[in-house]
Structure formats: structure tokens, C-alpha cells
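For reference, the chains in residue letters:
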Amino acid sequence: MNNDNKQISRRKLLASLGTLGVGAAGASLLSGVDKVYGNSVTNAVYGSAALNVPSSNFVSVTDAPFGADPTGKNDSSKAINDAFAYAGQNGKAVFFPGGTYLIKNTISVPLHVSFYGVGHASEIRAAAPISMFTFASQGTSEYGNRYGEMSGLYINGNQIATIGLELAFVVVERLFQAVQIENVLGPAIRMDSSQNNTFVSVNIERCTQGIVLLNGAGNNAFYRCEINDPGDVGILFDSNKSLTGYGKNAFHNQSTGNEFDKCIIERGTTANYGVLIKTGYRNVFWNCDIVAGRLAKVKIEFGDNQSLNGFYRCAFTCSDNAVAVSGGGYRTMIQDSIIDGYTGTNPTCIEVFKETHIINCHLSAKTYKIVNKAGDQKYNIRFEPLNAMGSTEDRPNHGHMGVGVQYFNITTGMLEIWNGEVWKSVAYQ
């Protein structure tokens, strides 16, 4: 291996931190420098010692015998795959120095291997319609492709790659942080029956789909991630019979127990939905902003495989033709959330199908409507803090729910509309 000394000055390090500065970057970034350069933080910052990049625990994709091209002129697929194979066999991590690395073939990430770059300056750029990085079970291990970290890399699909990161059957307990994924003609991240992975500050731009969870992908956590300008959908929960994980998971092919916290889905005009749940169970969104979606910000399909999904303290910014939540699944929870943005008259903000719970939400105008669409109409809408099900008397007389709230009264067969003071009964059509 070629471990020629490569000096880094205090000024260069500070410049690499950009507008964050050392103070804002904090210990986490400096500890990241420690991991990459194999020296103390003091030495890394003040340049009091020569630093080897990578340290003995890393292999650099540009070093011999690998020789990846950081200029972006030549295909580096083989060199990078060779570096990953070597790292997997020798207990090393992989390092991408600043540069542009062109790939025409998929990069296969072995079991336990971590890999790092220096941020946006470490660009991996697709030059063919490929899945750019694939994590998959290897050999006969039933425990899957476990452990390892991906950090500080810019994944550019170049409007030709079909998948950015593919967590194929089955990937478990991996960490992805400070990763940028752009320009993919398919999902930025696709997960097939993969579980217990963590994504922190992953930014997705201009991909057809942002995050796709399939075949019982479960218990994954997403913190402060952004999906900007999705072409079709920001986050999709579904199943896919053509993939290995179908029928080989404990969740009956329903993506289950995934958590999104302080995530944002925004910008763009082409996406049909910010979140689309075709099949999913007990997935939770906390403090998320959902702006993208020209048909609905959240669409939960009507059926028996979309239960107990919840949205808590979320903000839905709606255009006039978009529903905030179309809750087709059983017992969808919408709590302490804000719905605003409409400029038209009497817009429908929530569509109710199968017992939707609406708890302490704020609708920004009294003209916003909550409309029953299908399902068991006796129990479809439940408002709190009052217990509200069944007859008119039990329905809440709360102006904050908005003039125009509607429900079907199973007792009288009439449509009840709240006008701000009383319920008005009209013939149901």
C-alpha cells in the first residue's frame, strides 16, 4: 500500500469546515477528523505532526494497487470495488479523498466495511444506468450485511443511475450520515426487508423517489433528513414480489415501525405525494414538514395492510388541489399538527376512510373540511379531547376543527356539517 505522507495545515482544515467553523462543527466533526487521519484532534487542527491519509486502519481508493481516478475522466468502478474487497478481507475502512470518481458498474459493499469521504468534495458520479452502491447479504449468513458506517460522500446519479443506495436483502444496523444523494432516475435509497438502520442528515435532491421501503423493511430511523424536489414521491412504503426479501421477513411484507424525526419533504411541482403508504404498519412521523405532493401530502391507500400509522406535530403546507392527509388505512393518527396553505374556498384537508383519529390539530382557516370517504362510517372520525363517535350529540363542538367539518351520521343517514356553532343536517348524496 502507498502511504506517502500528506500534510494538512490548520488553515486548510478550517477551510474544509466551511461556514460552520470549528465552534459550530463541534466535537463530532473533529472526532471524524480523528477517525480519518489516525491522530489526535490537537495534531489534526494545529498541524504539529505529519498526518497519514489514510491511517493504517484505512485504505484509500486512489492508492496503489487500486488507483481510482479522482479527476472523473476514467471509470473507477474496478479500482473502488477492489479497495472494498481488500478492506473486507483485512478489517479496514475505505477512504475517498476529495475528487470525482466516475463509475460504470455497481460498487458492492462487503459485510462490516465502513467508508468515508471529505463531504461534498468526495463525489461518486454514475456513468451508466446502475444501482450505485449495493449492500447485500453475502454467503450463507442469515444475519445479513451488518454494521459499518457511510459518511461524508456525495452520490451523484447524473440523471442516469437507477438507484443511489440499495440496501438489498438483508441489511441490518448500518449508519448513514452526512450523505448527499442527487439526480437518480429511481429511488435515492431502496430498502428490501432491511431493518434497524439509522440515517442522520441525509440530503436527497432531484430523485424520482426519495426513500423506498419494501417487503417488511422495519425499525429504521431517519433523523433530520431532507428530500427535496422528488419527481414522483418523497417516501414510499410498498412490497415488491420481484425482490429477494418478499415473503422472507417477519412483518408480512408490510414495512413496519419506521420512524422519521424532524425530516422535510419539500420543493418541486411534479411529485404526486410527499408520503405514499401502499402497505405499511405502525410507521411514525414526528415534527416533520411535508410540503411536496400535488395530489396529497400523505396518501394512505384504502385496505387492510395500512394500519396504525401516525403523524405527530407535523406541518402540512397545502396547495388548493392537494389533500393534507388521505387516511385510507385503519386508525391513522394525526395529532398536534398544523394544516395551512390553502387559498381556495372550502378546501378538503383530510379524507377519512377507516377510523382516523384527529387530536388537537390546528386548521388555519375555518373553511377547511374533513370529509368522510369510505369505510365504517359510524366510527370513521374520532376527535379529541372529546370522545366523538356515533351520533351528533357526541360530536365535538369545537371551532378549532373548522367550519365545514363533515361526517356521516349512521343513525339518521344524514350528512352532518359543523357551521361553527351547531351541526347542520343535510341529505347525504
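What counts and how
Per chain, the residues get numbers from 1 upward, laid out in the order the sequence is written. Per-residue local features of the predicted model are confined to residues with pLDDT of at least 70, and side-chain atom pairs are confined, for both listing and counting, to 80 or more; whole-chain, interface and lining totals are unaffected and use all residues. To get the side-chain values, all heavy atoms of the structure are used, and hydrogens and water are removed first. Any Phe, Tyr or Trp ring, taking Trp's six-membered ring, that has another such ring centre within 6.5 Å forms a pair; planes under 30 degrees apart are called stacked, those over 60 apart edge-to-face, and the others tilted. The classification of residues rests on relative accessible area computed with a 1.4 Å probe and restricted to protein chains. Under 20% of the type maximum is buried, over 50% is exposed, and intermediate values are partly exposed. A run of H or I in DSSP becomes a helix once it reaches four residues, and a run of E becomes a strand once it reaches two; helices and strands are each numbered from the N terminus. The rule for a charge over a ring is simple: NZ of Lys or CZ of Arg within 6 Å of the ring centre, and within 35 degrees of the ring normal. Just to be clear on terms, a salt bridge is a Lys or Arg side-chain nitrogen sitting within 4 Å of an Asp or Glu carboxyl oxygen. Strand pairing follows a simple DSSP-based rule, namely that at least 2 bridges must link the two strands. Axis lines are fitted through C-alpha atoms, for helices just across the contact stretch, and the angle between N-to-C directions can take any value from 0 to 180 degrees. By definition in these notes, contact holds between two residues if any of their heavy atoms fall within 4.5 Å. Only residues whose relative accessible area exceeds 30% and that take part in no salt bridge are eligible for patches, with like-charged residues grouped when within 9 Å of each other and nonpolar side chains (Val, Leu, Ile, Met, Phe, Trp, Tyr) grouped when within 5 Å. Using the Shrake-Rupley algorithm and a 1.4 Å probe, accessible areas are obtained, with residue cover drawn only from the displayed protein chains. Here, the term nonpolar core denotes a set of buried Ala, Val, Leu, Ile, Met, Phe, Trp, Tyr and Cys residues that are joined through side-chain atoms within 4.5 Å.

Another aspect to go through is the packing of aromatic side chains. The description of an aromatic ring pair uses the distance of the two centres, along with the angle that the planes make with each other. One pass over the structure, following the stated rule, counts 18 aromatic pairs. The interplanar angle of 80 degrees and the centroid separation of 5.5 Å between the aromatic rings of Phe 96 and Tyr 101 together place this pair among those described as edge-to-face. Per residue, the accessibility class of Phe 96 equals that of Tyr 101, and both read buried. Ring centres 5.5 Å apart and planes at 15 degrees place the aromatic pair Phe 115 and Phe 133 in the stacked group. Of this pair, Phe 115 sits in strand S6 (residues 115–116) while Phe 133 sits in strand S8 (residues 131–135), and the two are 18 residues apart along the sequence. With a relative accessible area of 0%, Phe 115 lands in the buried category. Judged by relative accessible area, Phe 133 falls into the buried class, the value being 0%. One Lys or Arg, Lys 248, reaches over the ring of Phe 169 and ends 6.0 Å from the middle of that ring.

Here we take up the pattern of salt bridges. Overall, the coordinates contain eight salt bridges when judged by the stated rule. Its salt-bridge partner being Glu 205, residue Arg 206 comes within 3.8 Å of it at the nearest N-O pair. The salt bridge involving Glu 205 is made with Arg 267; its shortest N-O contact spans 3.0 Å. Taken together, the residues span a long stretch of sequence, with Glu 205 in strand S15 (residues 198–205) and Arg 267 in the loop between strand S22 (264–266) and strand S23 (273–277) at a distance of 62 residues. Among the residues examined, Glu 205 registers a relative accessible area of 10% and is labelled buried. Judged by relative accessible area, Arg 267 falls into the partly exposed class, the value being 44%. Residues joined by salt bridges that share partners form a network here, namely Glu 182, Glu 205, Arg 206, Glu 266 and Arg 267.

With that out of the way, let us pick up the sheet that holds strand S30 (residues 323–330). Across the sheet, eleven strands lie side by side as S5-S8-S11-S14-S16-S19-S23-S27-S30-S33-S36; this open sheet has parallel pairing. Edge strands, defined here as strands with exactly one partner in the open sheet, are strand S5 (107–109) and strand S36 (369–372). Between one strand axis and the next, the sheet turns by 10 degrees as a mean value, whatever way the strands run. In this sheet, strand S11 (residues 163–167) lies alongside S8 in parallel orientation, the contact comprising four bridges. Across the sheet, residue Phe 133 finds its bridge partner in S11, namely Leu 165. Along the sheet face, helix H4 (residues 77–90) touches S5 and S8 and points at about 10 degrees away from the line of S5.

Turning our attention to a nonpolar patch on the surface. A cluster of nonpolar side chains, Tyr 281, Leu 308 and Tyr 330, forms an exposed patch at the surface whose accessible area comes to about 240 Å². Along the chain, the position of Tyr 330 falls in strand S30. The class of Tyr 330 is partly exposed, set by a relative accessible area of 32%.

Another point: the nonpolar core. Core analysis: the biggest nonpolar cluster contains 78 residues, and Phe 133, Ile 181 and Ile 189 have the highest contact counts within it. By residue number, the principal contributor to this core is H4, which donates five residues. By size, the runner-up hydrophobic cluster in this structure holds nine residues, among which are Val 212, Leu 214, Val 233 and Val 323.

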